[in-house]
Amino acid sequence: MTRRPVAYDATRRRVSPPRLGGVLLAAGALCLALAGCGGSGGDADAVSAKAATASTASSAQSGAFPVTIPHSQGETTVKSAPQRVVALSTMDLDAALSLGVTPVGAPKDPFGDEKGVSPWLAGKLTPATTLFNATPDISFEEIAALKPDLILATGDYSIAKHYAKLSQIAPTLAPAKSAAQDSWQGREEQVGTALGKADAAKQAVAETEDKIQAVADAHPNLKGKTFSVSYAYAADTIATISAPDDFAVKFMESLGLKVTPTLRGNEETATGTQPGRLSPEQADRLASDLTVIGFTSPRCGTPWRRAPPSPRSSPRACTRRWTTRPSPNCATPRSSASPGSWKSSPRPSRP
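So, here is what we can say about the structure in this document. (Residues numbered from 1 in each chain as written. Predicted model: local features only at pLDDT ≥ 70, side-chain atom pairs only at ≥ 80, totals over all residues. Heavy atoms only, no water.)

## Re the pattern of salt bridges
Here's step 1: For the structure on display, the rule yields one salt bridge.
Here's step 2: With a closest N to O distance of 3.2 Å, Lys161 and Asp137 form a salt bridge. Of this pair, Lys161 sits in helix H5 (residues 159-169) while Asp137 sits in the loop between strand E6 (130-132) and helix H4 (140-145), and the two are 24 residues apart along the sequence. (Salt bridge = Lys/Arg side-chain N within 4 Å of Asp/Glu carboxyl O. Helix = DSSP H or I, 4+ residues; strand = E, 2+ residues; numbered from the N terminus.)

Okay, here's the thing in structure tokens:
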């Protein structure tokens, strides 16, 4: 049996190389599809219904301010409860909303609807939130015009380049280590501390970990399956996550999967803003039980769609191929404590 990579096509919108969030959501949905080859979806539906419940949080806890938070670019002091928060990444937006804080500004999700709203946030943002383009780069003037008193930039892969200017606009919360390495749990608690909601953040983390574990328990067939998740942002280069300390890898592992062994060592090709890289000639290294590739344009996807199917496939793996589409019916936690929503659709992907 041979298998080609599952294609997640993002041809309608241009996104910057490090933004693998949408592809990871597709991977999460496809994980459930893979597990579905050997089990019932009844329990998963119940888990999804619970995960779709919007999270709420009370006002800042007593004694939360002033607070000084160390991070990769130094430290940030927040003197009082922020009133005008700007989220610089979709991960920061998710974290803020999960704690009951609606930012005055947030980036458009390149994988979202026509307004740039992520599918799991439908109905949760009001006109009070200005959505701005963050690709190919942010506009400091547009952010300054929002008059923020706190900028959440824990998901900014280019924070080293942005931090000096951002911190002149307002106190800016940078990643603890890096946007790729920081766990979603750590990001949630870091944002919670800056918003004066440290206790609520810990509770959100605990509840989300329970939901993730429930999904893993409901789909035991995921355990031990291999995966690769990649993003083709140029015709001759693909970014693929494989580093053991990458938050996306850790999330997939929490569902029972593991990085395909053929990518071992590829993290050494990573840069400060991109995960490991491969060329089309190395496409066979992506072979796994679950292979997901996202494309920014048809041109970027052509070499990968033409890549020969790999002979390395398990005879026990699913033979169906899946694509994904936004839907509020199936929740898969993203990189913060707020759950994402995707539903697998049993339609064959394009050859």
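There's plenty left to go through after this.
## A closer look at the packing of helix H6 (residues 184-194) against helix H7 (residues 198-218)
Here's step 1: Running from N to C, H6 and H7 cross one another at 160°; their axes reach a closest spacing of 7 Å. The orientation of H6 with respect to H7, classified from their angle, is roughly antiparallel. By crossing handedness, the relation of H6 to H7 is classed as right-handed. Counting all contacts with H6, which are made through Trp184, Gln185, Glu188, Glu189, Gly192 and Thr193, the residues of H7 involved are Ala198, Ala201, Lys202, Ala204, Val205, Thr208, Glu209 and Ile212.
Here's step 2: Looking at the contact of H6 with H7, its residues break down into six nonpolar, four polar and four charged. (Axes fitted to C-alpha atoms, helices over the stretch in contact; angles between N-to-C directions. Parallel < 35°, antiparallel > 145°, perpendicular 65-115°, else oblique. Left-handed = near helix turned anticlockwise from the far one by under 90°. Contact = heavy atoms within 4.5 Å. Nonpolar A, V, L, I, M, F, W, Y, C, P; charged D, E, K, R; others polar.)

## A short note on the packing of aromatic side chains
Here's step 1: Under the definition given, this model contains zero aromatic pairs.
Here's step 2: It is Arg187 that lies over the ring of Phe247; its NZ or CZ is 5.5 Å from the centre. (Phe/Tyr/Trp six-rings, centres within 6.5 Å; stacked < 30°, edge-to-face > 60°. Lys NZ or Arg CZ within 6 Å of the ring centre and 35° of its normal.)

## Digging into the nonpolar core
Here's step 1: The biggest cluster of nonpolar side chains holds 28 residues, and the ones touching the most others in it are Phe227 and Leu255.
Here's step 2: Counting only elements with at least two residues in this core, the list comes to H7, strand E9 (226-234), helix H8 (247-254) and strand E13 (290-295).
Here's step 3: Per element, the largest residue contribution to this core is five residues, and it comes from H8.
Here's step 4: Grouped together as the second largest cluster of nonpolar side chains are 16 residues, Leu88, Ile143, Leu166 and Ala170 included. (Core = buried A, V, L, I, M, F, W, Y, C linked by side-chain atoms within 4.5 Å. Buried < 20%, exposed > 50% of the residue type's maximum accessible area, 1.4 Å probe, protein only.)

That is the geometry; function is a separate question.
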